[in-house]
Amino acid sequence: MSLGQRQRHDAISGNPLPDPPPGPTVLELRHVTCAYEQGRPAICDISLAIREGEILCLLGPSGCGKTTTLRVIAGFEPVTAGEVYLEGRLVSSPDSLVATERRRIGMVFQDYALFPHLRVLDNIAFGLHALPKDERQARVSTLLALIGLTGLERRYPHELSGGQQQRVALARALAQKPAVLLLDEPFSNLDPDMTGKMREELYDLLLRTKTTAILVTHDHEEAFAMADRVAVLRDGRLEQFDSPEAIYHTPASPFVADFVGQADFVPGLIENGTVATEIGSFPNQKGFAAGTKVVVMIRPDDVHIAPSAQGTARVTARQFRGSENLYTLQLPSGDILHSSETSTSIYPIGTLVNVHVLATHTVLFEQGRPTSA
Ligand code: ADP
Ligand code: MG
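My aim in this report is to walk through the structure given alongside it, one point at a time. (Residues numbered from 1 in each chain as written. Chains lettered and ligands numbered in written order. Predicted model: local features only at pLDDT ≥ 70, side-chain atom pairs only at ≥ 80, totals over all residues. Heavy atoms only, no water.)

**A short note on the sheet that holds strand S3 (residues 55-59)**
Working step 1: With mixed pairing, six strands are arranged side by side in an open sheet as S7-S8-S9-S3-S10-S11. The open sheet has two edge strands, strand S7 (105-108) and strand S11 (237-242), and neither has a second partner. Here the strands of the sheet are splayed against their neighbours by 20° on average, with no regard to which way each runs.
Working step 2: With four bridges joining them, S3 and strand S10 (residues 229-234) adopt parallel strand pairing. If you follow Leu-56 over to S10, its bridge partner there is Arg-229.
Working step 3: Along the sheet, helix H1 (residues 66-74) contacts S3, S7, strand S8 (180-184), strand S9 (213-217) and S10; its crossing angle with S8, the most-contacted strand, is approximately 150°. (Pairing = 2+ DSSP bridges. Helix = DSSP H or I, 4+ residues; strand = E, 2+ residues; numbered from the N terminus. Axes fitted to C-alpha atoms, helices over the stretch in contact; angles between N-to-C directions. Contact = heavy atoms within 4.5 Å.)

Take a look at the structure:
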């Protein structure tokens, strides 16, 4: 199983990145397709592998197939093509389906799905009836301490805050010592000011318990903050599976580029071995043939502006974001470009500016080509 093996380097500096945990592959999806009834598949030809201890994020817009992927892994949905291997064992194929309770999978749902009539203690102990009483109590106490809810074990779910309920749901899933923990948008029901804190807590808990996890999110910042690797889905297909750094700096398609951060696409033409655009020339890194129409992906962090009476671009908007000013610029062609400047660089709307792009690498896409990776 070699799908998960990949040397990681920072796309910009070329420096090696910290390796994801070097453990064995725990879960592998090979060319998995899943269709609800007949009709268009909800996910199509998905291949990815996860190593022990790794945190993988499934990232993509609503309806792209994230939840379906988790449901396939958990065994709630059969596959129409492909195979799923869990701990080296075939658990799903078009001809076979190992039941959810016979897969070592833990799940935390969007709404936590705690049992309302059970106290915290019994929610966490729910799946542990096979254990002797002493062992069960010991495991529940350890988990209560891990999630910081010791003392609240006799409360009912409705007597807890959203964040506390989420911790109980996590503890309940971890109590089973799952081979893989699946988390479906676990922060979506929390107040925004709780999300950052819970994200850090969850990350810490996953590392401390050495849990292999798949986290579903539509928020690229969350994916970048948590993941060893990110799988970007679009319309049920895997667009890119890579380190967060590679996804951001070397997106495989304009869709990925746009989804994981602000990106502009400046049209260019291959001439004399370079890419000619109205904001200067760029290296023809993909070796496109002369005359090919391309677009250059440019991030606002790489665009620098200097006010000048001879400037060819014009400031049309400024968004103050605290740590930066994000400027919208109109180029002579009418195309729009964005520039991120320090929070103290203030240029009024209408200012004429010169534009310098200081990118250490260039991301090029051919114009009019299908965007799939
Ligand atoms: P996400 O979690 O990324 O928002 P989903 O996996 O829930 O996406 O959905 C993927 C696609 O499958 C969508 O087009 C959705 O409408 C469809 N879908 C999801 N669940 C069902 C279902 N139970 N029956 C039929 N279609 C479904
Ligand atoms: Mg979903």
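We are not done yet, so read on.
**Concerning the site of ligand 1**
Working step 1: Ligand 1 sits among Tyr-36, Ala-42, Pro-61, Ser-62, Gly-63, Cys-64, Gly-65, Lys-66, Thr-67 and Thr-68.
Working step 2: Taking Lys-66, its side chain carries an N or O atom lying 2.9 Å from an oxygen atom of ligand 1.
Working step 3: Per-class residue counts for the shell around ligand 1 are four nonpolar, five polar and one charged. (Near = heavy atom within 4 Å. Polar contact = N/O pair within 3.5 Å; in protein donor to acceptor, adjacent residues only side chain to side chain. Nonpolar A, V, L, I, M, F, W, Y, C, P; charged D, E, K, R; others polar.)

**Quick word on the side chain of Arg-103**
Working step 1: Of note, Arg-103 is situated in the loop between strand S6 (96-97) and S7.
Working step 2: One buried charge, Arg-103, has no salt-bridge partner; the nearest side chain with opposite charge is Glu-101, at 8.3 Å.
Working step 3: Within the structure, Arg-103 has its side chain in polar contact with the backbone oxygen of Val-98 (distance 2.8 Å).
Working step 4: Contact partners of Arg-103, with chain neighbours within four places excluded, come to Val-72, Ile-73, Ala-74, Gly-75, Leu-86, Arg-89, Val-91, Ser-92, Leu-97 and Val-98. (Buried < 20%, exposed > 50% of the residue type's maximum accessible area, 1.4 Å probe, protein only. Lys, Arg positive; Asp, Glu negative; His and termini not counted. Salt bridge = Lys/Arg side-chain N within 4 Å of Asp/Glu carboxyl O.)

**A short note on the packing of aromatic side chains**
Working step 1: Applying the stated criterion across every chain yields a total of four aromatic pairs.
Working step 2: On the basis of an interplanar angle of 40° and a centroid distance of 4.3 Å, the ring pair of Phe-115 and Phe-126 is categorised as tilted. With a gap of 11 residues between them, Phe-115 in the loop between S7 and helix H2 (120-124) and Phe-126 in the loop between H2 and helix H3 (133-146) connect regions that are remote in the sequence.
Working step 3: Owing to a relative accessible area of 44%, Phe-126 belongs among the partly exposed residues under this scheme.
Working step 4: The ring of Phe-115 is capped by Arg-172, whose NZ or CZ atom sits 5.0 Å from the centre of that ring.
Working step 5: In this arrangement the basic side chain of Arg-299 is found over the ring face of Tyr-248, its NZ or CZ atom lying 4.1 Å from the centre. (Phe/Tyr/Trp six-rings, centres within 6.5 Å; stacked < 30°, edge-to-face > 60°. Lys NZ or Arg CZ within 6 Å of the ring centre and 35° of its normal.)

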